[in-house]
Amino acid sequence: MYQLKKETLAQVLEMSFTEISFDRLVMTMPVGPKTHQPAGILHGGASVALAETAASVATAIQIDLTKFNPVGLEINANHLRSKKDGIVTATAIPLHKGRSTMVWDIKITDEQERLVCVSRCTMSILPKE
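**Q** Would you explain the overall build of the protein chain in this entry?
**A** What the protein chain contains, in helices and strands, is two helices and six strands. Mapped in sequence order, the helices and strands of the protein chain form the string α-β-β-α-β-β-β-β. Over its C-alpha atoms the protein chain spans a radius of gyration of 14 Å, differing by no more than 12% from the 14 Å that the globule rule assigns to 129 residues. Overall size of the protein chain, expressed as C-alpha extent along the three principal axes, is 45 × 30 × 25 Å. Buried positions account for 37% of the 129 residues belonging to the protein chain. With the model as given, the accessible surface of the protein chain reaches about 7,300 Å², and the carbon-plus-sulfur share is 53%.

Structure (structure tokens):
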């Protein structure tokens, strides 16, 4: 299974994988003080970090990482429901898988599978120099 690098944002926010395949990637993240905004609810930036991490890893498993780096090119998010604690789950599915870009649809849900956030992330696939 793909491992998150130590001391990165994904590890600090305790993101973890529950499913990885070429057409679906599922990650979870606990909601608590580390991911809260001042009002005590899930920070939109934490949701976006989860969405981009899911898209990044989903892209990484599609390409030769000895020759290319996946990097975020564009991301948008609609925050639909607040959350104070528990777990959120991000599910990324491909909308487009090209040679130089990939576009991922990411839905973030709560434990009752209610939408918390919807996101679309475009990844650029850059050659290593």
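**Q** Is there a simple way to explain the sheet that holds strand 3 (residues 68-79) in this structure?
**A** Adjacent strands of a sheet pair through backbone hydrogen bonds, lying either parallel or antiparallel. In space, the six strands of this open sheet follow the order 1-2-4-5-6-3, with antiparallel pairing throughout. Looking along the sheet, the strands with just one partner apiece sit at the ends: strand 1 (16-21) and strand 3. With strand direction ignored, the average angle separating the axes of adjacent strands in the sheet is 20 degrees. Running over the sheet, helix 2 (residues 44-60) touches strand 1, strand 2 (24-31), strand 3, strand 4 (86-97), strand 5 (101-109) and strand 6 (115-127) and is turned about 145 degrees from strand 3.

**Q** For this particular structure, what's the right way to read the environment of asparagine 76?
**A** Relative to the helices and strands, asparagine 76 is located in strand 3. Sequence-distant contacts of asparagine 76, defined by excluding residues within four places in its chain, comprise Val118, Ser119 and Arg120.

**Q** It is not clear to me how the nonpolar core should be interpreted in this structure. Could you clarify?
**A** Within soluble globular proteins, side chains that are nonpolar tend to cluster in buried spots. Ile106 and Ile108 are the most contacted members of the largest nonpolar core, which totals 30 residues. For this core, the secondary structure elements donating two or more residues are strand 2, helix 2, strand 4, strand 5 and strand 6. Ranked by residues supplied to this core, first place goes to helix 2 with eight residues. Here isoleucine 106 is in contact with Ala51, Ala55, Ala90, Thr91, Ala92, Cys117, Val118, Ser119 and Cys121, once residues within four sequence places are set aside.

**Q** What is the right way to look at the pairing of strand 1 in this model?
**A** Pairing of strand 1 with strand 2 involves five bridges; the strand directions are antiparallel. Residue pairing in the sheet places serine 21 in a bridge with arginine 24 of strand 2. Between the end of strand 1 and the start of strand 2, which pair antiparallel, lie two residues.

Definitions and limits used
Residues numbered from 1 in each chain as written. Predicted model: local features only at pLDDT ≥ 70, side-chain atom pairs only at ≥ 80, totals over all residues. Heavy atoms only, no water. Helix = DSSP H or I, 4+ residues; strand = E, 2+ residues; numbered from the N terminus. Rg over C-alpha atoms; globule rule 2.2 N^0.38 Å. Buried < 20%, exposed > 50% of the residue type's maximum accessible area, 1.4 Å probe, protein only. Areas by Shrake-Rupley, 256 points an atom, 1.4 Å probe, with all protein chains shown as cover. Pairing = 2+ DSSP bridges. Axes fitted to C-alpha atoms, helices over the stretch in contact; angles between N-to-C directions. Contact = heavy atoms within 4.5 Å. Core = buried A, V, L, I, M, F, W, Y, C linked by side-chain atoms within 4.5 Å.

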